[in-house]
Amino acid sequence: MRKLKTGGGWPAVMYSLKKGRAAGGIWKFFKALSSKNACKTCAVGMGGQRGGMRNEMGRFPEVCKKAMQAMAADMQGAVKSDFFATYSIPQLQKFSPRELEYSGRLTQPVILHKGADYYQPIEWDEALRRIADQLKATLPDETFWYFSGRSSNEAGFLLQLFARLYGTNNVNNCSFYCHQASGVGLSSVTGSGTATLTLEDVEHTDLVFIIGGNPASNHPRLMTLLKNIRRRNGQVIVINPVIETGLVNFSVPSDPISLLFGTKIATQYIQPHIGGDMALLTGIAKRIDEMGAIDERMLTEHCEGWPELAAHLRSVTWDEICRKSGIGKQEIDQAAETYAAAKTAVFAWTMGITHHANGVENVQMISALALMRGMVGRPHAGLLPIRGHSNVQGIGSMGVTPKLKDAIFDRLQSHYGVRLPTTAGLDTLACMEGADAGRLKFGFCLGGNLYGSNPDATFAAKSLSKLKMLVYLNTTLNTGHAHGLAEETIILPVLARDEEPQSTTQESMFNFVRLSDGGPTRHAGLKSEVEIIATMAADTLGTSGPIDWNAMQTTGKIRDMIANVVPGFEQLRDIGETKQEFQIDGRTFHEPKFPTPSGKARLFACPLPELVGESCNDGNQTPLPFGERLGEGAGAQIHAEPQPSPNPSLTGRGVFATLRLMTVRSEGQFNTVVYEDYDLYRGQDRRDIILLHPDDIARLGLQAEQRVTVRSETGAMPNILVRSFPEIRAGNALMYYPEANVLVTRSVDPLSKTPAFKNVLVTLEARMPVAV
């Protein structure tokens, strides 16, 4: 398909109209989007009490394709009554993520027994009784509790409270597979694990670094901010191995001038190798030091660790920096000079930074680069992790982590007379490994797609299959319901955010808390997450303890409890009556005072990692320069048992090539949810592809549109089409998440336990054509 020259624009307008018609009419769709509810998709945040399609600054219209896709999915009809009797598990496993999403809204609890081929309907009372009985028969530390970022603060707090009073700290959320490295890294630097600034700060900054992300596809409303910055002659430096269309030029549909003529976004676009970010950031920092552009007062009076960082920067060589980043010194100098000239700067990043084995150190290096010029602790500057789901940050604030923060732990025990467990809890991947080892018996998923989010998809399915019971709370079907199956699997259909009978709250990545009013239910047979959790807790723990679980079905009661125990959320107590949304205290730093023991920010000198696959060696041959054509000459890799060619026209001896792979989302998806099989901005009409630079295709002896097997140490994907993609840095490759998770290893950042989804060593296997 034709690749676009700008993001947004008229295609976005036409797509919006198409979604509106599919949702039952444009006016009906507009009213749904305009309701007083927080947006259901990314953590930029919009909606709430200012009205849908408005941000905290009151700007209208603030809406994007992601919001429309999520709303249209929630407005679709119910799953047909004969759906589960028609489609067996083997058939559902052949559904694509998109086909599952568009099968309709779930409206009836269903259960699947081990060995059965079909889900069976089950009544609500029976489903909840089975869950309570299983919990009563299971030791607390044989269970785990997984939380999506789409749920409310009230549901998140209530479920983690239930899990802990039940007796376990195996409480974790989806951030372990996305931005946990941001939280750990920022906490180590500033004492707070969230953004250091507000939305308004970004609006008025001079310079924005967009590092390892593609907000044009994944957080489109940020493009309005970038458009405004560029219109003021501000600068945008993009760091990404792939030239993304929307980061080069974006046509903001709500701005007539931008819509008609487009807006140039990146003033400098830097393409390091996958895994080269640390070296590149270190190079910019080294050059800033050489130029004397540091803020010496900031570093000496408000930071710890500058002597060590300075010594590190002065000792690392430019040869090492350029080799490990893949970027020349002149390009690094240009970025440093732009940064040195800026009066204010914002450093924003996404999972291209966190999805590495050194994700926390990447965040620490970004923070150090900002602190070197005093760009933390002042207005219109700071650190911004661009988080994914609309309430993933709020879920973390509610205590959904294996270890509760001391303040929450102490206040819960002192205010309510409860006794909380002190055993060490497991992170998300550790729970999967515990299930595989037989140590865990029960899993509970509050939304999301645990199977689809996991690295090493083959292992994930095997691990979940060993559970006695796995419970899902969802609005629609996903790949987990087809592949992530326990001995007994129960799916409970829940209300969407704008269907809740009571108000709920959500927290954006800017630490802004919104109130969602809820609204009328679109389908019969659904329950709210809060009602399900409170009922489950009462059935499992009884009603005679220190917590009145029946009363906890009221979200106002839950907010009372949150206000008592979660620091910064005191205003939540009355938000249902006052409707006053708020910025959380203690997280925004407009002065260089930080909640660390010393009151100072900490600087870290981080080593420069070697690029993954810098040399390829099968253990017997001489190391081969990375990215060189394989299967020829000295040092050629020899595979003992190459797979049969999926293409009958390719026979003869094998062609093997090893590359660094990053998994990415398409413009038509959000997290694991795929709304469209095509990728509009990258010009791709399907997802079973691997994108390679044309120089690599030629050098490796491959051909565009040739089918190959892509293999890693954890799995293989046969029949993958090679696609020529000049926009990717040569020596690197790109495939789509979550399908390519079968290739992602379970190697994690030791500090955050986040898997390296963006840095996987893969081998391409094909067959040489026979000469005719």
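Use the structure listed above.
Let me sum up the structure you'll find in this document. On a predicted model such as this, the values are computed, not experimentally measured, just so you know.

What counts, and at which threshold
Residues numbered from 1 in each chain as written. Predicted model: local features only at pLDDT ≥ 70, side-chain atom pairs only at ≥ 80, totals over all residues. Heavy atoms only, no water. Phe/Tyr/Trp six-rings, centres within 6.5 Å; stacked < 30°, edge-to-face > 60°. Helix = DSSP H or I, 4+ residues; strand = E, 2+ residues; numbered from the N terminus. Buried < 20%, exposed > 50% of the residue type's maximum accessible area, 1.4 Å probe, protein only. Pairing = 2+ DSSP bridges. Patch = residues over 30% accessible without salt bridge, like charges linked within 9 Å, V, L, I, M, F, W, Y side chains within 5 Å. Areas by Shrake-Rupley, 256 points an atom, 1.4 Å probe, with all protein chains shown as cover. Salt bridge = Lys/Arg side-chain N within 4 Å of Asp/Glu carboxyl O. Contact = heavy atoms within 4.5 Å. Axes fitted to C-alpha atoms, helices over the stretch in contact; angles between N-to-C directions. Parallel < 35°, antiparallel > 145°, perpendicular 65-115°, else oblique. Left-handed = near helix turned anticlockwise from the far one by under 90°. Nonpolar A, V, L, I, M, F, W, Y, C, P; charged D, E, K, R; others polar. Polar contact = N/O pair within 3.5 Å; in protein donor to acceptor, adjacent residues only side chain to side chain. Disulfide = S-S within 2.5 Å.

1. Digging into the packing of aromatic side chains
How two aromatic rings sit relative to each other is given by the distance of their centres and the angle of their planes.
Line of reasoning, step 1. Scanning all chains against the criterion turns up 19 aromatic pairs.
Line of reasoning, step 2. The interplanar angle of 5 degrees and the centroid separation of 4.6 Å between the aromatic rings of Phe209 and Phe347 together place this pair among those described as stacked. Here Phe209 is found in strand β6 (residues 207-211), whereas its partner Phe347 is found in strand β12 (residues 345-349), with 138 residues between them in sequence.
Line of reasoning, step 3. A ring pair is formed by Tyr339 and Phe347, whose centres lie 5.3 Å apart and whose planes are at 85 degrees; its orientation type is edge-to-face.
Line of reasoning, step 4. Grouping aromatic residues by their ring pairs yields a cluster made of Trp145, Phe162, Tyr166, Phe442, Phe444 and Trp549.

2. Some thoughts on the pairing of strand β13 (residues 382-385)
Line of reasoning, step 1. Because side chains alternate across β13, one face comprises the buried residues Gly382 and Leu384, and the other comprises Leu383 and Pro385, equally buried.
Line of reasoning, step 2. Pairing analysis gives four bridges linking β12 to β13, with the strands arranged parallel. Bridge pairing links Phe347 to Leu383 in β13.

3. Side note on a nonpolar patch on the surface
Line of reasoning, step 1. The grouping of Trp10, Ile257, Leu260 and Phe261 at the surface amounts to a nonpolar patch, some 510 Å² of accessible area in total.
Line of reasoning, step 2. Mapped onto the elements, Ile257 comes out in helix α14 (residues 256-261).

4. So, the environment of Leu572
Line of reasoning, step 1. Within the secondary structure, Leu572 is located in the loop between α29 (555-565) and α30 (575-578).
Line of reasoning, step 2. Those residues in contact with Leu572 that sit more than four places away from it in its chain are Thr505, Val513, Arg559, Ile562 and Phe582.

5. Considerations on the packing of helix α15 (residues 277-290) against helix α19 (residues 329-341)
Line of reasoning, step 1. Where α15 meets α19, the axes come as close as 9 Å, and the angle between the chain directions of the two elements is 60 degrees. Between α15 and α19, the angle is such that the two are oblique. Handedness of the crossing formed by α15 with α19: right-handed. Across the interface between the two elements, Leu280, Gly283, Ile284, Arg287 and Ile288 from α15 touch Lys329, Ile332, Asp333, Ala335, Ala336, Tyr339 and Ala340 from α19.

6. Things to note about the sheet that holds strand β18 (residues 512-516)
Line of reasoning, step 1. Taking strand neighbours across the sheet as the criterion, the three strands line up as β17-β18-β19 in an open arrangement whose pairing is antiparallel. Strands at the two margins of the open sheet, each flanked by one partner only, are β17 (504-507) and β19 (582-583).

7. Let's talk about the sheet that holds strand β16 (residues 488-493)
The pairing of strands in a sheet happens through backbone hydrogen bonds and is either parallel or antiparallel.
Line of reasoning, step 1. Ordered in space as β3-β2-β16-β15-β14-β4-β5, the seven strands form an open sheet in which the pairing is mixed. Here the strands that pair on one side only, and so sit at the sheet edges, are β3 (120-121) and β5 (171-173).
Line of reasoning, step 2. Where strand β2 (residues 110-113) and β3 come together, two bridges link them in antiparallel fashion. By the bridge assignment, Ile111 is partnered in β3 with Gln120.
Line of reasoning, step 3. Strand contacts of helix α7 (residues 124-136): β2, β4 (143-147), β14 (442-446), β15 (469-474) and β16, with the helix running at about 130 degrees to β16, the strand carrying the most contacts.

8. A look at the packing of helix α2 (residues 26-34) against helix α3 (residues 65-74)
Line of reasoning, step 1. The N-to-C vectors of α2 and α3 enclose an angle of 110 degrees; their axes lie 11 Å apart at closest approach. For the element pair α2 / α3, the angle class is roughly perpendicular. Contact residues: α2 offers Phe29, Ala32 and Leu33, while α3 offers Ala67, Met68, Met71 and Ala72.
Line of reasoning, step 2. Class assignment for the residues of the contact of α2 with α3 results in seven nonpolar, no polar and no charged.

9. A few points about the pattern of salt bridges
Line of reasoning, step 1. If you walk through the whole model with that rule in mind, you get 46 salt bridges.
Line of reasoning, step 2. Put simply, Lys227 and Asp255 hold a salt bridge, and the shortest N to O gap is 2.9 Å. Here Asp255 lies in the loop between β8 (249-251) and α14 and Lys227 lies in helix α12 (residues 222-231), a separation of 28 residues in the sequence. Across the pair, exposure class does not vary: Lys227 and Asp255 are buried alike.

10. Topic: helix α24 (residues 428-436)
Line of reasoning, step 1. For α24, a buried count of eight out of nine residues is recorded, marking the element as mostly surrounded by other parts of the structure.
Line of reasoning, step 2. Turning to α24, its buried residues are Thr428, Leu429, Ala430, Cys431, Met432, Gly434, Ala435 and Asp436.
Line of reasoning, step 3. In this structure, the buried residues of α24 make contact with β4, β5, α25 (450-453) and α26 (457-465).
Line of reasoning, step 4. By the N-cap criterion, in which a side-chain oxygen at the helix start approaches the backbone nitrogen of a residue two or three places on, α24 is capped by Asp427, the distance to Leu429 being 3.1 Å.

11. Some remarks on the pairing of β6
Line of reasoning, step 1. Across the five residues that make up β6, a large majority, five, are buried.
Line of reasoning, step 2. Here β6 shows no split at all, with Leu207, Phe209 and Ile211 on one side and Val208 and Ile210 on the other all buried.
Line of reasoning, step 3. When β6 meets strand β7 (residues 235-239), the two strands line up parallel, connected through five bridges. What sits directly across from Leu207, in β7, is Gln235.

12. Examining the side chain of Thr245
Line of reasoning, step 1. For Thr245, the location among the structural elements is in helix α13 (residues 245-248).
Line of reasoning, step 2. Setting aside chain neighbours within four positions, we find Thr245 in contact with Lys3, Leu4, Lys5, Thr6, Gly7 and Tyr681.

13. Remarks on the state of the cysteines
Should the sulfur atoms of two cysteines be covalently bonded, the bond is a disulfide.
Line of reasoning, step 1. Here the structure, examined in full by the defined rule, presents zero disulfides.
Line of reasoning, step 2. Here Cys445 stays unpaired: no disulfide links it, and the sulfur of Cys431, its closest cysteine neighbor, is 10 Å away.
Line of reasoning, step 3. A relative accessible area of 1% means that Cys445 is categorised as buried.
Line of reasoning, step 4. A disulfide-free cysteine, Cys606 has its sulfur positioned 14 Å from the sulfur of Cys303, the nearest such atom.

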